[in-house]
Each structure stands twice: as structure tokens, then as C-alpha cells.
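Topology and contacts: notes
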Amino acid sequence: MTRCLTERTLMLLQAGEGSAEERAHLRACPRCAARHRALADDLGVIADALRAGPPPGATHPARLRLRAVGALAATVALAVGGAWMWRTAQVPPPGGGGDVSAQVEDLAGTLFATSEVTAAGEQSDEAAAFDEDDELALLFEGP
Amino acid sequence: MKPTASGQLDYDALYRAQQGRVRSLCRLLLADPHEAEEVCQEVFVKLFEQRAAPPAPERWLTRVAVNACRDRRRAGWWRRWRERGRELVETEHAARGPTPEEAAIGLEDRQRIWRVFRLLSARQQEVFALRQLEGWSTAEVAETLGLSSGSVKRHLFRATHQLRAALRGTP
């Protein structure tokens, strides 16, 4: 093994694991050996600090809670703001309601007009047929 | 701690020898010192209630303490959220003099390490505590926490990486 060991491998070696090849590299490579020693030193300091118990000011439940409440409040404010903007976009501006009503009336008018035309067309055909019958009757029967 | 010649476990001696270690472990895994104290007492009560002494009482205590702390975190998060908003809960630690370890490590370093440790996931805290502080093997940690050895290594690596970054002031 010629490449230097990764941090993860060094940590595994420090924990008593790792392959024989990696251990051999650790013995042969001064740079990895120094990194390994630094890791061991750091872990020793961390373990001592944790064993000694929390120092004053290390954990601030109230501060953490305040931070969480702040994040929650910001999320709620964003949600409310978004809902308000969405609602504003949906409601037509003042005076614009007439346009919508006019469009609805136009649409309705078109629909009704079509049916009226159709009905009128049917009626006119019937009326025309009726008029022709009347005229024939008048011709045969006389005035 | 071995059973006595009569086959009975010397509970008093075991309590005296292990109470500090179990309390420290609970203190590590629970943010609240009062809750840690409660859990520590619960663990020893459970030990006393055992009909037969466990074969390895020290390991039994550790395993039960870790499980009890995990149960506390799961069950009472909302209660702690409501009731435990004290600004500083380490007054008893601040009141006494510094230990040699505390004197060797700067206050800022300790604060950073503890702050980052508190930000680790519960699993990472448990793995780091058992592996690095209690000196358990990866296989033992995996068995106790119900994880694969790969997961234990992964949690350990992440915890170590973050704690080292905290120690160097580059979290």
C-alpha cells in the first residue's frame, strides 16, 4: 500500500481494527503515523472533556429552545404570508369583478343564443310549412 | 465485580464502585442532570430486583443505563421541552473545583466539545460513549444497540469527525 490512509481508516486502526496491510502502512509511513498520533491525542482530550462533565455554559437548553421557537415562528410566518399572497392572487381586484360578470354573461348569452337560434330555426321551418299549406288551401278553396 | 463466596453479589460494593461511572454515562446521554440521576437510580434498582445476579454486572449496568436513557429520550421529549427550559443546569459542576482533566483542557474547548456532542444524534452519542469512553469493542456495541458493525463504525466515524472539528475550532 503506497497511498496514505484515509481519516476513516486511521480511526478504524485507532479503534483496533483495520487490515494487516493498513497497519503495515501505518508503521512505514511517518506522515500517517503522525496523523494517527494526532487522532489518538484528540480522542484522549475529547474523552477527558466528556468524562469531566459539562462545563458551565456548555449546554443551553433555553437557548436551543429559543432558537427552535424562532425557526418555528419564521416557518409559520412564511406559511401565513404565502397563503395570504395566494389568496390575494385568487381574488379579483376591485372593479375587475364586472369584467368577470360580463364574460360570464357573454358566455351564457352565446350558449342561449345558439339554442334560441336553433329553436327559432325549427320554428321558422314549421311556420314556413304552415304558410305554404295555408296558401294552397286558399287556392283550392278560394277566398 | 465478582459474586461473593456465597454466590451473592455484594450490591453495596458494586453500587459504590459503579455508581459514579453509570451516573456519568447517563449524564452524557441525557441533557438534564436531574433526569440522569433518576435514571442512574432506576438502573441500580433494576439490578437489585434481579433474581439472579447478572454474570457481568458492570456491562449489564452499562447496557441497562443506555437503554433507559434512550427510553427517557423517546418518552419524555415533550415533557422536557415544556419543563426543562433552565438557562444553566450545570451549577453543581461550576461550583466545585476543576479536576485535573478540566484544568488540562481549556474551558472553551470543553464547551465546544460538549456543545457538539449534544448536537450529535442519539445513536452517535451512544456509540461514541460506549466505544471511546467505556472501551467496548465494535461487536459489543453493535450487539447492545442492535446495530450492524458497519453502522457502528459509521456512527463512530461521524461522531469522531465532528468532535475533532469542534476541538480544532472548525466545526
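Structural data are supplied above this passage.
These lines cover the structure that appears in this document, whether it is placed above or below. (Residues numbered from 1 in each chain as written. Chains lettered and ligands numbered in written order. Predicted model: local features only at pLDDT ≥ 70, side-chain atom pairs only at ≥ 80, totals over all residues. Heavy atoms only, no water.)

**What about the state of the cysteines?**
By definition, a disulfide links the sulfur atoms of two cysteine residues through a covalent bond. Residue and element names in this part refer to chain B. Keep this limit in mind: Cysteine sulfur atoms that come within 2.5 Å of each other are treated as a disulfide pair. Think of it in three bands: with a 1.4 Å probe and only protein chains considered, a residue is buried below 20% of the maximum accessible area for its type, exposed above 50%, and partly exposed in between.
Evaluated as defined, the whole model comprises zero disulfides over all chains. No disulfide involves Cys 69; its sulfur sits 3.8 Å from the nearest other cysteine sulfur, which is in Cys 26. Assessed through its relative accessible area of 0%, Cys 69 is described here as buried.

**Looking at the packing of helix 7 (residues 107-119) of chain B against helix 10 (residues 149-167) of chain B**
All names here are of chain B. Rules: Angles here are taken between N-to-C directions and fall from 0 to 180 degrees, while the axes themselves are lines fitted to C-alpha atoms, restricted in helices to the stretch in contact. Think of it this way: any DSSP run of H or I at least four residues long counts as a helix, any run of E at least two long counts as a strand, and we number them from the N terminus. Convention used here: angles under 35 degrees read as roughly parallel, angles over 145 as roughly antiparallel, angles from 65 to 115 as roughly perpendicular, and any remaining angle as oblique. By convention, the crossing between two helices is left-handed when the near helix turns anticlockwise from the far helix through less than a right angle, and right-handed when the turn is clockwise. Only heavy atoms enter the contact rule, under which two residues are in contact if any of them lie within 4.5 Å. Only Asp, Glu, Lys and Arg are considered charged in this grouping, and only Ala, Val, Leu, Ile, Met, Phe, Trp, Tyr, Cys and Pro are considered nonpolar; every other residue, Gly among them, is considered polar.
In the contact formed by helix 7 and helix 10, the axes pass within 8 Å of each other and the chain directions differ by 150°. With respect to helix 10, the axis of helix 7 lies roughly antiparallel. You can see that helix 7 and helix 10 cross each other, and the crossing is right-handed. Between helix 7 and helix 10, the contacting residues are Asp 109, Arg 112, Ile 113, Val 116 and Phe 117 on the first element and Gln 162, Leu 163, Ala 166 and Leu 167 on the second. Tallied by class, residues from the contact of helix 7 with helix 10 come to six nonpolar, one polar and two charged.

**Concerning the packing of aromatic side chains**
Residue and element names in this part refer to chain B. Note the cut-off: Planes of paired rings set the category: under 30 degrees apart is stacked, over 60 is edge-to-face and the rest tilted, where pairs are Phe, Tyr or Trp rings (Trp by its six-membered ring) whose centres lie within 6.5 Å.
Summed over the entire model, instances satisfying the criterion amount to three aromatic pairs over all chains. A ring pair is formed by Tyr 11 and Phe 48, whose centres lie 4.9 Å apart and whose planes are at 85°; its orientation type is edge-to-face. One end of the pair, Tyr 11, is in helix 1 (residues 11-29); the other, Phe 48, is in helix 2 (residues 33-49), with 37 residues separating them in the sequence. Judged by relative accessible area, which is 21%, Tyr 11 ranks as partly exposed. Judged by its relative accessible area of 38%, Phe 48 falls in the partly exposed class. The interplanar angle of 65° and the centroid separation of 6.2 Å between the aromatic rings of Trp 114 and Phe 117 together place this pair among those described as edge-to-face. Taken together, the residues Trp 114 and Phe 117, both in helix 7 and three residues apart, mark about one turn of the helix. For Phe 117, a relative accessible area of 0% translates into the label buried.

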